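Reading the structure
Okay, here's what each chain looks like letter by letter:
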Amino acid sequence: MSERIVKLIIDGKEIFAKPTDTILKAAIDNGIQIPTLCYLEGLTPHGGCRLCVVEVKGNPKLMTSCTTPVSNNMEIITNSPKLIKYRKQIIELLLAERIHTCSVCIANGSCELQELASKFGVDHTNVSRNWERFELDMSHERFVLDHNRCILCTRCIRVCDEIEGVHTLDIKRRGKDSMIIVDLDEPWSASYSCTSCGKCSAVCPVGAIYVKGKPLSETKRKELPKFITERRRR
Amino acid sequence: MIVLAKVKVATVWLSGCSGCHMSFLDQDEKLIELSKRIELVYSPIADVKEFPENVDITFIEGAVANEEQFHLLKLIRERTKLLIALGDCAVTGNVVTLRNCFQDSVKEVLEKAYIETVTYNPQYPVQVPKLLEKAYSINEVVKVDFYIPGCPPSADLINYVITEFLEGRVPSIEEKFKYG
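What you see is a predicted model, and the numbers here were worked out from it, not measured in a lab. (Residues numbered from 1 in each chain as written. Chains lettered and ligands numbered in written order. Predicted model: local features only at pLDDT ≥ 70, side-chain atom pairs only at ≥ 80, totals over all residues.)

Glancing now at the pairing of strand 3 (residues 55–61) of chain B. In the case of a regular strand, side chains alternate between the two sheet surfaces. Residues and elements named next belong to chain B. The element strand 3 is largely enclosed, with a buried count of six among its seven residues. One ladder, built from five bridges, connects strand 1 (residues 7–13) with strand 3; its direction is parallel. The residue bridging Trp-13 from the neighbouring strand is Glu-61, located in strand 3. Of the strand pairs in this sheet, strand 3 and strand 5 (residues 80–86) are connected by six bridges, and their pairing is parallel. Residue pairing for strand 5: Glu-61 is matched across the bridge by Leu-86. (Buried ≥ 20, exposed ≤ 12 C-beta atoms within 10 Å, placed from the backbone. Helix = DSSP H or I, 4+ residues; strand = E, 2+ residues; numbered from the N terminus. Pairing = 2+ DSSP bridges.)

Attention now goes to the sheet that holds strand 5 of chain B. All names here are of chain B. Ordered by their spatial adjacency, five strands build an open sheet running 2-1-3-5-7, and the pairing between neighbours is parallel. Taken across any chain shown, the strands that pair with only one partner, and hence form the sheet edges, are strand 2 (38–42) and strand 7 (146–148). The mean inter-strand angle of the sheet, taken between neighbouring strand axes irrespective of direction, is 25 degrees. Taken strand by strand, helix 3 (residues 67–79) contacts strand 1, strand 3 and strand 5, and its axis lies near 130 degrees from that of strand 5. The strands touched by helix 6 (residues 155–166) within the sheet are strand 1, strand 3, strand 5 and strand 7, with strand 7 carrying the most contacts at an inclination of about 160 degrees. (Axes fitted to C-alpha atoms, helices over the stretch in contact; angles between N-to-C directions. Contact = placed C-beta atoms within 7 Å.)

A common way to report how large an interface is uses the accessible area buried once the components associate. Every contact between the two is made by 18 residues of chain B and, on the other side, 16 residues of chain A. Split into classes, the residues belonging to the side of chain B that touches chain A amount to 10 nonpolar, four polar and four charged. (Nonpolar A, V, L, I, M, F, W, Y, C, P; charged D, E, K, R; others polar.)

All names here are of chain B. Its location among the elements puts Asn-159 in helix 6. Look at Asn-159 and you get partly exposed, because 19 C-beta atoms sit within 10 Å. Taking C-alpha positions, Asn-159 is 8.8 Å from Leu-34, a pair spaced 125 residues apart along the chain. If we skip the residues at most four places from it in the chain, Asn-159 touches Gln-27 and Lys-30.

Each domain of chain A was delimited in the assignment, giving domain 1 (6–79) and domain 2 (122–233). Using only C-alpha atoms to locate each centre, domain 1 of chain A and domain 2 of chain A end up separated by 26 Å. (Domains from an automatic or database assignment.)

All names here are of chain A. Counting residues in hydrophobic clusters, the biggest one holds 61 residues, and the most contacted among them are Cys-156, Cys-200, Cys-204 and Ile-209. No other element matches helix 4 (residues 155–164), which puts five residues into this core. Two domains share this core, each providing at least three of its residues, namely domain 1 (6–79) and domain 2 (122–233). Residues contacting Ile-209, with those up to four places away along its chain left out, are Phe-143, Leu-145, Cys-156, Cys-200, Ser-201 and Cys-204. (Core = buried A, V, L, I, M, F, W, Y, C linked by C-beta atoms within 7 Å.)

Take a look at the structure:
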């Protein structure tokens, strides 16, 4: 039996995809770029950062392309002025929410938020900032958890749960007060479940989780979840 | 022969490390080209005491951390047509604003700098401008017309921006700048 195929139009280009594909996957497979931040190939899509939103014809809402499955005859726009405006706004808010002082950040030069700000021309923020200070967790012998840089993309939580399989990390509280926690909100060094594998630091897009004494450019391995999931499928 | 009036440019150094001015000077030989078209009317590298009137372009380095800078910035805005925030401190506040995270930051900062870490005759300074409760980026105090992020912004980027403005165009710095 042949596999069912759906036809859709992205940015005026007719493309074919599997019905199980998301809009983002169909776009990537056909060489169409959609900006992402919390999405990481190999992990379950989270749809939290909203950077990958697209317009779907006939739907007044913007849809996150990383979580929305394709359907037949879908018409999608990935790059309208409206979408660019929203994406810029998202980046601006992320920059303003916590203390992203790039010049003294360990991730300076290999930070995905910093890159996106440059790419979208977000050269300043107009919203007033919060200046709330979070304590660092430096108790672990190898890793540091710095909530001040965290953008709550949950990549670390997902990689810890889905790839390493221990679910040491999770999130507490809501909204801007959300924080990444270790086990039941304990110091990292007291964690029973943590295997110290370091996958969280390998996928962190910013400088929120990093290896002590090393720049992020040396420890970052964005392709790790994809690599591991592909080997598991064999 | 028509002689075009030179564009009046000022550069200002508020709470910053002067790195952005260094980067400005790093335009090297391009500065000679630039000097044919601009007149530097106020700058830490020019001995001018008071900020002049009718300035065309002002570059501001650094964040606003004390009362003197606050008043100077208001004056600069009144007397400048195009105000450019130069570098991360001016654009975001950068390291200067990190003290905003502390309760009673002025006291903590002064104590750290003048008492705790001083071995000989520790005392609070008296003849310097008073620190503001919080430090601010430029756009939190006055309207900013253009932003050049970077710590510091590269000399090429500064040169590109100023040349574009001199040509009467608005520069597009997307993908050309980098925070930090």
